[in-house]
Every structure is written in structure tokens, then in C-alpha cells.
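Descriptive structure summary
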Amino acid sequence: MKGAVIGCGFFAQNQLEAWRDIDGVEIVALCDQDAERLNASGSAFGVERRYTDAAKMFDEGGFDFVDIATTVGSHRALVEIAAKAGVHIICQKPFAENMADARAMVNAAQTVGKTLMLHENFRWQSPIQAALNIVKSGTIGEPFFGRVSFRSGYDVFSGQPYLAEGKRFIIEDLGIHILDISRAFFGDATQIAATTRRINPNINGEDVATMMLTHENGATSVVDCSYATQRTPETFPQSLLEIDGTLGTLRLDAGYQLTVQTEGETQTDVSPPLLPWAQKPWHNIQESVLTIQQHFVDCINSGRQPETSGADNLKTLALVEAAYMAAEQGCTVSLADV
Ligand code: NAD
Ligand code: 89V
């Protein structure tokens, strides 16, 4: 399978490393508007075909899929051009700047019968997968309450300066992952309430968000996110879990410690492996990049839809939009209205 990557910035380096680890995949072309970044990645990963213009790269073709690793403002145009070129597509989160764009992107891929997967990797982190397997096995019975929590004081702005600039920050960039984890455990939501705060005076958007979701199956989940939390241990980038089920509870605590209490108690270290190209503390995220990209390849090869397909991710993006509406209006928002 031959691929092309658009966007050779901060996070794409992980995607390029992961592609190198996947059997049967070769990245044959790279694109970035910034020639310096393009050439740095081209040299580092030995990719000769390099473009500063995505349209030109698609005109010349010669690849089966494209991996779009640019920031959100370019996603719709790039997905549409990729669909027109008839290739399978991976697009980084956040999917789009609004629901109308995201729906148009899903339609574009469906019209040409190509796979569109969102690079929504947090649910693929191995500690989260370990917890999901236990919940799905029925060990703790029917889950009726959950808390998915991401609280940190880690400086994300030095690596990703654009995160300090936007009017929206934590729900759109990080909360989107944590809301998606909640969907993976409890299914789709019917309504959401939310509060937001900006604690860091040097950024434009909110850096604290607390959300409460009601799920179709009757479960309630609390999704809380903060980049203003100074505490020890610093848990970046761990998502912590507390899940109550009818037969017991599950907790994923700091340091990747997974505890299951039913009649007895078991504690397991579910720390992610440190891949040869990964660095702590990012290794948890980096491993999930490899896992989700492998999932994309497996889905294409077997004709399945990826778990985080474009159509699926519309529901995660709708939660983001609804959370902002709920926080602005001080009310509970029904997902049917988004
Ligand atoms: P970045 O700004 O470092 O890199 C983006 C690159 O895309 C830049 O080099 C830019 O020149 C290029 N680019 C933008 N528009 C383009 C276009 N139309 N054609 C060609 N090149 C174009 O950003 P980043 O931090 O790497 O983030 C990229 C995306 O990855 C964002 O959407 C971000 O939210 C996401 N991200 C995801 C995760 C994750 O765990 N899934 C982690 C970090 C970032
Ligand atoms: O995963 C992400 O989307 C990153 C970060 C962990 C910094 O929020 O942007």
C-alpha cells in the first residue's frame, strides 16, 4: 500500500515513524507548504517526491491513501481534493471547524466509495484498550457512571504554539479525545452540560472544561480536562478513569495502574511500551499512533469501516460543538440540536 502525507509539522513526525513500522506500507510522497519542514522530513524519512502544493501531488498520483496531518483549517479542502483523486483518507483531529464542513467531508468520501478515518488515537492507547476490554467482558457488569479525567500543567504551547492563539482551546484540541474515550466506554450521548474557565492569562481560549454527558444507555459520564492543574505526579498525557458498574468498579490511576474491584481486587500495571522512536512522556500517545494507523491498514485490507470513521467522528465533533454551546448558554444541550 502506497501513501502520501500532507503536513510535516510537529505531530506528523510520529505518523511518519509509525508508517515505517507497518509492514506493507510505503510513504512515497510528502507535502508541506513550508519547504524547510518538507525537506527536513523528506530527508529524515527518505522520501524523494516532495510537494509544496497538495493539488500538484494529487495530479501526479501514484498512491492509494493520504494521511492529512495539517491543522484543522485546511482539513475540508484537503479531504475533498483527496476524495476527488479517489484515494483512501486519514485526517487528523479536530475533524473540521464546524459540523457542516465535517458532514461535507464524510459525503465526499462516501460518494467515491473511499475510506475516511479520523486520526482519533486516544481510545487506541493501550491502557485505555486494557480498560475497554475489561468493561466489554462484563466483569464489572453494566456501567452506569464514569469519569474520564485529563488534568495537567504540562507546557503544550512550546511544541504547538497555535494552541495558545485560538478562541477555542481545550475542548476542541484535547477534550475531543477525552469525549471520544467516553463514547468508546458508554456509547453515544443524548445531552451534555459544561462549564469552562481560562486560568492561564497568556492564551486566548479556555484551558479548563468540565462536562457531564447523559448516554443513550442511561449512563452518566463526567469528562473533565485541565491544562491549568499544577500537581504531583504530573500525569501528562494520561487519561484517568473511574467506572462504576452494577457488579464492581474499575479505576485507571496515575502511573497506568488499573484496578478492578468486584468481589476481590486486582491491580495491574498497564504502562504502554516505549517504542524505539518514542520519548517519555509522549510514548503513550506515540504508541497509539502506530496502533490506529495499523487499524486503518487492516480495515482497508479487510473491507471494514474503521472504528473512528468520518461518520463515527461526526458524533464526537458534535459533542465538542454542544459542549461549547452548553458552556456559553449555561444550559444542557441536546445532541439532536447540533
Ligand atoms: P503543525 O503546525 O506543527 O504542522 C502542520 C503542518 O501542516 C505545517 O508544517 C504546515 O505548514 C502544514 N500545512 C498546513 N496547511 C497545509 C496545506 N494546505 N498544504 C500543505 N501543508 C500544510 O501542527 P501539528 O502540531 O503537527 O498538528 C497537526 C494536527 O495534528 C492538528 O490538527 C492537531 O490537532 C493534531 N494533533 C493530533 C495529536 C494526536 O494525538 N492525535 C497530537 C498533536 C496534534
Ligand atoms: O493530542 C493532542 O491532540 C495534543 C495534545 C496532547 C497537546 O492535546 O494536541
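Residues numbered from 1 in each chain as written. Chains lettered and ligands numbered in written order. Predicted model: local features only at pLDDT ≥ 70, side-chain atom pairs only at ≥ 80, totals over all residues. Heavy atoms only, no water.

- For the protein, an unreviewed UniProt entry supplies the name Putative dehydrogenase and the organism Yoonia maritima.

**Considerations on the domain arrangement of the protein**
- Along its sequence, the protein is organised into domain 1 (2-114) and domain 2 (124-278 + 310-337).
- On a C-alpha basis, the centres of domain 1 and domain 2 stand 27 Å from each other.
- Contacts between the two partners involve 17 residues from domain 1, matched on the other side by 15 residues from domain 2.
- Summed over both partners, the interface of domain 1 with domain 2 buries about 1300 Å², with 74% contributed by carbon and sulfur atoms.
- A salt bridge links Asp173 to Lys93; the shortest N-O distance between them is 2.9 Å.
- Our count for the domain 1 to domain 2 interface comes out at two residue pairs in polar contact (both at pLDDT 80 or more).
- If you tally residues by element for the side of domain 1 that touches domain 2, the top one is helix 5 (residues 99-111), at five residues. (Domains from an automatic or database assignment. Contact = heavy atoms within 4.5 Å. Buried area = accessible area lost by both parts, 1.4 Å probe. Salt bridge = Lys/Arg side-chain N within 4 Å of Asp/Glu carboxyl O. Polar contact = N/O pair within 3.5 Å; in protein donor to acceptor, adjacent residues only side chain to side chain. Helix = DSSP H or I, 4+ residues; strand = E, 2+ residues; numbered from the N terminus.)

**With respect to the sheet that holds strand 1 (residues 2-6)**
- Across the sheet, which stays open at both edges, the six strands sit in the order 3-2-1-4-5-6 with parallel pairing between neighbours. Each edge of the sheet is formed by a strand with only one pairing partner; in this case those strands are strand 3 (49-51) and strand 6 (116-119). Going from strand to strand, the sheet's axes swing by 20° on average, the running direction of each strand aside.
- Direction of pairing for strand 1 relative to strand 2 (residues 26-31): parallel, over a ladder of five bridges. Bridge assignment links Ala4 to a residue of strand 2, and that residue is Ala29.
- On the sheet, helix 2 (residues 35-45) packs against strand 2 and strand 3 and is oriented at approximately 165° with respect to strand 3. (Pairing = 2+ DSSP bridges. Axes fitted to C-alpha atoms, helices over the stretch in contact; angles between N-to-C directions.)

**Details of the packing of helix 1 (residues 12-21) against helix 8 (residues 283-302)**
- Packing of helix 1 against helix 8 brings their axes to within 9 Å, and their N-to-C directions diverge by 55°. Considering the angle they form, helix 1 stands oblique to helix 8. Handedness of the crossing formed by helix 1 with helix 8: right-handed. Here Asn14, Gln15, Ala18, Trp19 and Asp21 of helix 1 lie close against helix 8, whose contacting residues are Gln286, Val289, Leu290, Gln293, Phe296 and Val297.
- Taken together, the residues of the contact of helix 1 with helix 8 sort by class into six nonpolar, four polar and one charged. (Parallel < 35°, antiparallel > 145°, perpendicular 65-115°, else oblique. Left-handed = near helix turned anticlockwise from the far one by under 90°. Nonpolar A, V, L, I, M, F, W, Y, C, P; charged D, E, K, R; others polar.)

**As for empty space enclosed by the protein**
- By the definition in use, this model includes one cavity of 30 Å³ or more.
- Here the largest cavity is characterised by a volume of approximately 40 Å³.
- Every residue along the wall of the largest cavity is listed here: Pro94, Ala96, Glu97, Arg168, Glu172, Ile176, Leu317, Val320 and Glu321.
- Elements that contribute at least two residues to the lining of the largest cavity include exactly helix 7 (170-186) and helix 9 (310-329).
- Counting residues per element, the lining of the largest cavity draws most heavily on helix 9, at three residues.
- Residues of the lining of the largest cavity, tallied by class, amount to five nonpolar, no polar and four charged.
- When residues of the lining of the largest cavity are assigned to domains, at least three map to each of domain 1 (2-114) and domain 2 (124-278 + 310-337). (1 Å grid on protein atoms, 1.4 Å probe; cavity = no way out; pocket = protein on both sides within 12 Å on 5 of 7 lines; lining within 4 Å. Points joined across faces, edges and corners; volume = space filled by probe spheres on them.)

**Quick notes on the nonpolar core**
- Grouped together as the largest cluster of nonpolar side chains are 111 residues, with contacts concentrated most on Trp19, Val66, Phe185 and Met211.
- Of all the elements, helix 7 adds the most residues to this core, at ten residues.
- Here this core spans two domains, since at least three of its residues come from each of domain 1 (2-114) and domain 2 (124-278 + 310-337).
- In this structure, Trp19 is in contact with Val5, Val25, Ile27, Phe65, Asp67, Ile90, Gln293, Phe296 and Val297, ignoring residues within four places of it in sequence. (Core = buried A, V, L, I, M, F, W, Y, C linked by side-chain atoms within 4.5 Å. Buried < 20%, exposed > 50% of the residue type's maximum accessible area, 1.4 Å probe, protein only.)

**So, the layout of surface pockets**
- In this model, the largest pocket occupies a volume close to 1100 Å³.
- Contributing to the lining of the largest pocket are 47 residues, with Ala69, Thr70, Thr71, Val72 and Tyr162 lying nearest its centre.
- Elements with a contribution of two residues or more to the lining of the largest pocket: helix 4 (75-85) and helix 7.
- If you tally residues by element for the lining of the largest pocket, the top one is helix 7, at four residues.
- Looking at the lining of the largest pocket, its residues break down into 25 nonpolar, 14 polar and eight charged.
- Taken domain by domain, the lining of the largest pocket gets at least three of its residues from each of domain 1 (2-114) and domain 2 (124-278 + 310-337).

**Remarks on the UniProt feature "domain: GFO/IDH/MocA-like oxidoreductase" (unreviewed entry) in the protein**
- UniProt records the feature "domain: GFO/IDH/MocA-like oxidoreductase" (unreviewed entry) for residues 129-251 in the present numbering.
- Counting secondary structure, residues 129-251 comes out at 21% helix and 35% strand; the distance between its end C-alpha atoms is 13 Å. (UniProt positions renumbered as here; feature names shortened; annotations may be inferred.)

**Some remarks on the site of ligand 2**
- Neighbouring ligand 2 are the residues Lys93, Phe122, Val156, Gln160, Asp173, Leu174, His177, Tyr227 and Ile285.
- Contacts to ligand 2 include His177, whose side-chain N or O atom sits 2.8 Å from an oxygen atom.
- Bound to the protein, ligand 2 loses 94% of the 270 Å² it would expose on its own.
- One can see that ligand 2 is located within the largest pocket.
- Partitioning the shell around ligand 2 into residue classes produces five nonpolar, two polar and two charged. (Near = heavy atom within 4 Å. Areas by Shrake-Rupley, 256 points an atom, 1.4 Å probe, with all protein chains shown as cover. Sits in = over half its atoms within 2 Å of the grid points.)

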